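Spelled out from the first residue to the last, the chains are:
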Amino acid sequence: MTSPAAYGAAGRGRFRAAAALAWRAHPAAVLASGVTVLLMGLVPVAAAWLTKLVLDGLAAGSGPAGLLVQGVALGVTGLAGAALPSVAEYAQDQSRRALQVLIQDRLFQAVNAHPGLSRFENPAFHDRVRLAQEAGQNAPQRIVRGVLGIAQGAVTLAGFTAALAVLAPWMILVVALSAVPSVRAQLDLSRRRAGMMWGVSPRARRQIFFANLLTSPDAAKEIRLFGLGDLLRARMLRELRAVNAAEQGLARRTLRTQGTLSLLGAAVAALGLLWAIDAAASGTLTVGDVAVFAAAVAGVQSALASIVGQSADAHNALLMFGHYLDVVAEAPDLPVPRRPRPVPPLREGIEVRDVWFRYDDAHPWVLRGVDLFIPRGGSLALVGLNGAGKSTLVKLICRLYDPVRGSILWDGVDLRDLDPAELRGRIGAVFQDYMSYDLTAAENIGLGDVAALDDRDRVEAAARLAGVHETITGLPRGYDTLLSRIFFGDRDDPQAGVVLSGGQWQRLALARALMRQARDLLVLDEPSSGLDAQAEHAIHQSLRRHRAGRTSLLISHRLGAVRDANVIVVLAEGRIAERGSHAELMALGGEYASLFTLQAQGYEPGDSRPSPGVPNLPALADVPGLEDSREGASPRTTTPSTRSKGT
Ligand SMILES: Nc1ncnc2c1ncn2[C@@H]1O[C@H](COP(=O)(O)OP(=O)(O)OP(=O)(O)O)[C@@H](O)[C@H]1O
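Keep in mind the model is a prediction, meaning the values are calculated, not measured. (Residues numbered from 1 in each chain as written. Predicted model: local features only at pLDDT ≥ 70, side-chain atom pairs only at ≥ 80, totals over all residues.)

**Q** Could you clarify how one ought to interpret the overall build of the protein in this entry?
**A** Along the backbone of the protein there are 18 helices and 12 strands. Out of the 647 residues belonging to the protein, those deemed buried represent 34%. Long-range contacts, defined here as pairs at least 24 residues apart, represent 74% of the contacts in the protein between residues at least 6 apart. (Helix = DSSP H or I, 4+ residues; strand = E, 2+ residues; numbered from the N terminus. Buried ≥ 20, exposed ≤ 12 C-beta atoms within 10 Å, placed from the backbone. Contact = placed C-beta atoms within 7 Å.)

**Q** Explain the sheet that holds strand β1 (residues 349-357) here, please?
**A** Strands belonging to one sheet form pairs held by backbone hydrogen bonds; the direction of such a pair is parallel or antiparallel. The strand order across the open sheet formed by 4 strands is β2-β1-β4-β5, and the pairing between neighbours is antiparallel. The sheet is open, and its two borders are formed by β2 (367-375) and β5 (413-414), each paired with just one other strand. Across the face of the sheet, helix α10 (residues 390-397) comes into contact with β1, β2 and β4 (405-410) while running at roughly 120° to β1. (Pairing = 2+ DSSP bridges. Axes fitted to C-alpha atoms, helices over the stretch in contact; angles between N-to-C directions.)

**Q** For this particular structure, what's the right way to read the domain arrangement of the protein?
**A** Size of an interface, as often reported, equals the accessible area lost when the parts are brought together. Domain assignment breaks the protein into domain 1 (4-329), domain 2 (347-426 + 519-647) and domain 3 (445-511). Across the contact, 4 residues belong to domain 1 and 4 residues belong to domain 2. Residue composition of the side of domain 1 that touches domain 2, by class: 2 nonpolar, 2 polar and no charged. (Domains from an automatic or database assignment. Nonpolar A, V, L, I, M, F, W, Y, C, P; charged D, E, K, R; others polar.)

**Q** Before we go on, may I ask you to explain the UniProt feature "transmembrane region" (unreviewed entry) in the protein in this structure?
**A** As annotated in UniProt, the feature "transmembrane region" (unreviewed entry) corresponds to residues 21-47, 67-88 and 143-164 in the numbering used here. End C-alpha atoms of residues 21-47 are separated by 36 Å, and the span's content is 96% helix alongside 0% strand. Along residues 143-164 the backbone is 100% helical and 0% strand, and the end-to-end C-alpha distance reaches 30 Å. (UniProt positions renumbered as here; feature names shortened; annotations may be inferred.)

**Q** It is not clear to me how the environment of Gly560 should be interpreted in this structure. Could you clarify?
**A** By the element assignment, Gly560 lies in the loop between β10 (551-555) and β11 (567-572). Separated by 188 residues in the primary sequence, Gly560 and Leu372 place their C-alpha atoms 22 Å from one another.

**Q** Sorry if this is basic, but what is going on with the packing of helix α6 (residues 201-215) against helix α8 (residues 229-281) here?
**A** How two helices pack is summed up by the angle between their axes together with the distance between the axes. Between α6 and α8, whose axes approach to 8 Å, the crossing angle comes to 150°. By the criterion of interaxial angle, the relationship of α6 to α8 is roughly antiparallel. Read as a crossing pair, α6 and α8 show a hand that is left-handed. Here Arg203, Ala204, Arg206, Gln207, Phe210, Ala211, Leu213 and Leu214 of α6 lie close against α8, whose contacting residues are Gly229, Leu232, Arg233, Arg235, Met236, Glu239, Leu240, Ala242 and Val243. For the contact of α6 with α8, a count of residues per class yields 10 nonpolar, 2 polar and 5 charged. (Parallel < 35°, antiparallel > 145°, perpendicular 65-115°, else oblique. Left-handed = near helix turned anticlockwise from the far one by under 90°.)

**Q** Explain helix α13 (residues 456-465) to me, please; I cannot follow it from the model alone.
**A** Working note: α-helix, 3.6 residues per turn, so residues spaced by three or four point in the same direction. When α13 is considered as a whole, its buried residues turn out to be Val459, Ala462, Ala463 and Leu465. Angularly, the buried residues of α13 cover 160° about the axis, an arc narrow enough to put them on a single face. Of the residues trailing α13, Gly467 is marked for its positive phi of about 70°. (Arc of directions from axis to C-beta.)

**Q** Can you walk me through the site of the ligand in this structure?
**A** The environment of the ligand is formed by 15 residues, the closest being Tyr359, Asn386, Lys390, Ser391 and Thr392. Looking at the shell around the ligand, its residues break down into 3 nonpolar, 9 polar and 3 charged. (Near = placed C-beta within 6 Å.)

**Q** Which parts of the structure should I look at to understand the pairing of strand β3 (residues 379-383)?
**A** Regular strands show a simple pattern: their side chains alternate between the two faces of the sheet. Burial analysis of β3 places 5 of its 5 residues in the buried class, which makes it a mostly covered element. Side chains Ser379, Ala381 and Val383 project from β3 onto one buried face, and the interleaved Leu380 and Leu382 project onto a second face that is buried too. Taken together, the 4 bridges between β3 and β10 define a ladder with parallel strand orientation. Bridge pairing links Ala381 to Leu554 in β10. Across 4 bridges, β3 lies against β11 in parallel orientation. Bridging across to β11, Leu382 finds its partner in Val569.

**Q** In this structure, what is going on with the nonpolar core? I would like to understand it.
**A** The nonpolar side chains of a soluble globular protein tend to be buried with one another. Residues Ile445, Ala462, Ala466, Ala511, Val523, Leu553 and Ile568 are the most contacted members of the largest nonpolar core, which totals 73 residues. Take this core: its biggest share by element is 6 residues, from helix α15 (residues 502-514). Domain assignment of the residues forming this core places at least three in each of domain 2 (347-426 + 519-647) and domain 3 (445-511). In this structure Ile568 touches Ala381, Val383, Val562, Arg579, Gly580, Ser581, His582, Leu585 and Tyr592, once residues within four positions along its chain are discounted. Counting 59 residues, the second-largest nonpolar core is a separate cluster that includes Ala29, Ala98, Ala168 and Phe321. (Core = buried A, V, L, I, M, F, W, Y, C linked by C-beta atoms within 7 Å.)

**Q** Got a minute to help me understand the sheet that holds β11 in this structure?
**A** The strand order across the open sheet formed by 6 strands is β6-β9-β10-β3-β11-β12, and the pairing between neighbours is mixed. Each edge of the open sheet is held by one strand with a lone partner, namely β6 (427-430) and β12 (575-580). Strand-to-strand twist of the sheet, defined as the mean angle between neighbouring strand axes without regard to direction, takes the value 15°. As judged from the 5 bridges shared by strand β9 (residues 521-525) and β10, these two strands associate in the parallel manner.

Structural data, given as structure tokens:
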């Protein structure tokens, strides 16, 4: 557990960070807020004293002329009391808006600064980012407002304490003592609130996940086909109810605590007032004194309550702000060298040297001592069954993760010694799980090379290479057509989206990678899995011409597409099982040969025999629940499939 001293130091650090941010975002608004809240602290004290002076004057028989100054002052105080809160709110809103921009900017700079993928696959990171976003929206503002509120309460408290010191010093002690349990209870509640929010965070995340799933265009088809709507809705509600139950528990505790504290405060005020009335009856206090006494007791209590409430809120905001500071200060998920070596154009090649990798210590090894070399200008194809580790190896070559053991070398230099951004600047890649951006067709392609985003000639050239140019020119606004399933509407509306087919999206993704055609290494992870046979053939012809003389790494389950690679590497369970040219591997008669033969057989009529070395799948009729129940149905046979995830 954190010690109180360490906690205090952390709290002070967070406060300094929040104050510095607020000042940096909008100094004038912070100054204006400070001045207005201090004046607001003085108003009730001034009003009470002026009221006392007016009442005492009236009791002493002064006429309107004698009380003119006090009356005008009382009016000005009332005006200030009415106007200042609006001015303060305006200044605080200005500060809040400026702070939000600054904070979101820093938060997402920090998120972008992670060069790898591991953080994004870690649920705790997502929880922290979500809380950091929530905290970033309002925590610094709450902290600053809390401190200003405390200052305002302190001014009011000092004024009324002075009044009580004159009229009934013992009452200061009674009111102060009655505030002690309030301070403790509010701080306890604040700590519980921060703990509760962290505790329900995974549930809140799941609730958002289910809610998004229910409206996601990607999921809509399966949800309807499999009738998943009610199940997902029930799961969403289960998470929401659990979050609500935790909040409800805290709300009940807050109600109990605050109810008890209010009763205690009312009892103290009632006792004081009884004493004041008695003292006035016996002539110890004037009528004005009674008025100022009643205002002072109420003022001290409400100033104390406000100080305690503002401290608790600021304390809670400080705890939440900790999540933001943690995310912003988090070290990059992959170590980035302080002085990275430059990444010159590839001269010799890329070497994977005895690479072992697993996603974390609890996971099994995905790659087990992989060695390979992609010479400059050469093409290497990776093949293997699902889960063999092909995409993982590609991600390591792009340094989205670091090998657990072994290394990957770019012209003999370990990737760990290079700047990841510079390295990626030398690579063009399309991944199996490519992105479809709700942007125009031109932007979807141009994002492959941000510097050439507006270079229509290059965008078109990449689109032609990927065989998608004709499709795009046939769209209502050609390259400027918005491609989207979210922003969908009237055809004449420039904001309306057009929906593409899966294969068309895949060609766009390929075109995006081909924007980097001049880069040193082109990585194509299943670039054609969603294409029809004709398109696939055309694309591979085009890529073959395009890849000639360029360094490329190709993954495909369609072995016909990789047969002309210089070297084909067969991965099996994270190890290299075979390597060689197509002819060499066919002559070897191993796994590649059996997979290739099997695929070739798929195009021959009437041969459904399983090939050696390829896992055989059960026939559908052998799978429980999938027996063919149709009467007289002829038995069905299934052929083992090597289709990729993307198909
Ligand atoms: N982000 C991840 N976290 C944990 N395990 C992962 C992750 N990505 C992949 N894996 C695991 O690593 C193994 C290899 O996956 P990988 O995607 O590299 O295989 P692949 O050969 O590309 O398969 P496919 O042909 O199906 O695309 C699989 O067992 C998979 O479950």
